[in-house]
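So you can see what is in the structure, the chains are spelled out below.
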Amino acid sequence: MSQTFLLAALFAASTLAFATPRCDTCPRDSNGRIQRSASAIKDFKRTHPCPATGKSTGRCSGYVIDHVVPLKRGGADSATNMQWQTKDAAKEKDKWE
């Protein structure tokens, strides 16, 4: 994934973060977090193998699956709204998201 794509996605997500309200109607787990679809994650991994290992199953060391448009800002919990992101980049994005 190119740096340009990531920067564009981060810009789009940051703009939407201010334009869309927090999702108060999203289903939540016992910890209060928005529930994620296991089937959407599986679909994403099947179509986007791990950048570190090239595998479509199992863990992906050093990476997390990130929603381009955050769930809390109305983003879809689907493979089309997901991307691989390094753990360091995820920490940076979480600071302003």
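Calculation criteria
- Residues numbered from 1 in each chain as written.
- Predicted model: local features only at pLDDT ≥ 70, side-chain atom pairs only at ≥ 80, totals over all residues.
- Heavy atoms only, no water.
- Helix = DSSP H or I, 4+ residues; strand = E, 2+ residues; numbered from the N terminus.
- Contact = heavy atoms within 4.5 Å.
- pLDDT = per-residue confidence, 0-100.
- Salt bridge = Lys/Arg side-chain N within 4 Å of Asp/Glu carboxyl O.
- Buried < 20%, exposed > 50% of the residue type's maximum accessible area, 1.4 Å probe, protein only.
- Disulfide = S-S within 2.5 Å.
- 1 Å grid on protein atoms, 1.4 Å probe; cavity = no way out; pocket = protein on both sides within 12 Å on 5 of 7 lines; lining within 4 Å.
- Points joined across faces, edges and corners; volume = space filled by probe spheres on them.
- Polar contact = N/O pair within 3.5 Å; in protein donor to acceptor, adjacent residues only side chain to side chain.
- Pairing = 2+ DSSP bridges.

**Description of the overall build of the protein**
At step 1: Of regular secondary structure, the protein possesses 3 helices and 2 strands.
At step 2: Going from N to C terminus, the protein has its helices and strands arranged as α-α-β-β-α.
At step 3: Partitioning the intrachain contacts of the protein with sequence separation of at least 6 by distance along the chain shows that 55% fall at a separation of at least 24.

**Here's the deal with the confidence of the model for the protein**
At step 1: Scored by pLDDT, the protein comes out at a mean of 83, with 76% of its residues at no less than 70.
At step 2: Of all secondary-structure elements in the protein, the lowest mean pLDDT belongs to helix H1 (residues 3-19), at 54, while strand S2 (residues 82-86) reaches the highest, 96.

**Quick notes on the pattern of salt bridges**
At step 1: Overall, the coordinates contain 3 salt bridges when judged by the stated rule.
At step 2: We note a salt bridge from Arg46 to Asp43, for which the minimum N-O separation is 3.2 Å. In this pair, Arg46 and Asp43 are both assigned in helix H2 (residues 38-47), 3 residues apart and thus about one turn of the helix distant.
At step 3: Relative accessible area serves as the criterion here: at 55%, Arg46 is assigned to the exposed category.
At step 4: A salt bridge links Asp66 to Lys93, with the nearest nitrogen and oxygen atoms 2.7 Å apart. Remark: Lys93 occurs in helix H3 (residues 87-96) and Asp66 occurs in strand S1 (residues 63-67); sequence separation between them is 27 residues. Accessibility classification places Asp66 together with Lys93 in one group, the buried group.

**With respect to the state of the cysteines**
At step 1: Evaluation of the coordinates by the stated rule reveals 1 disulfide.
At step 2: One disulfide bridge connects Cys50 with Cys60, the sulfur atoms lying 2.0 Å from each other. Torsion about the S-S bond of the Cys50 and Cys60 cystine: about 75°, corresponding to right-handed handedness. You can see Cys50 sitting in the loop between H2 and S1 and its partner Cys60 sitting in the loop between H2 and S1, a full 10 residues away along the chain.
At step 3: Overall, Cys50 belongs to the buried group, its relative accessible area being 4%.

**Section: empty space enclosed by the protein**
At step 1: What the rule picks out here adds up to 1 cavity of 30 Å³ or more.
At step 2: The volume enclosed by the largest cavity comes to roughly 30 Å³.

**A short note on the environment of Arg46**
At step 1: Taking the C-alpha atoms as reference, Arg46 lies 5.1 Å from Ser56; in sequence the two are 10 residues apart.
At step 2: One polar contact links Arg46 to Asp43, side chain to side chain, over a distance of 3.2 Å.

**Side note on the pairing of S2**
At step 1: For S2, the buried fraction is high: 4 of the 5 residues fall into the buried class.
At step 2: Where S1 lies against S2, 5 bridges are found, and the strand directions are antiparallel. By the bridge assignment, Val64 is partnered in S2 with Gln85.

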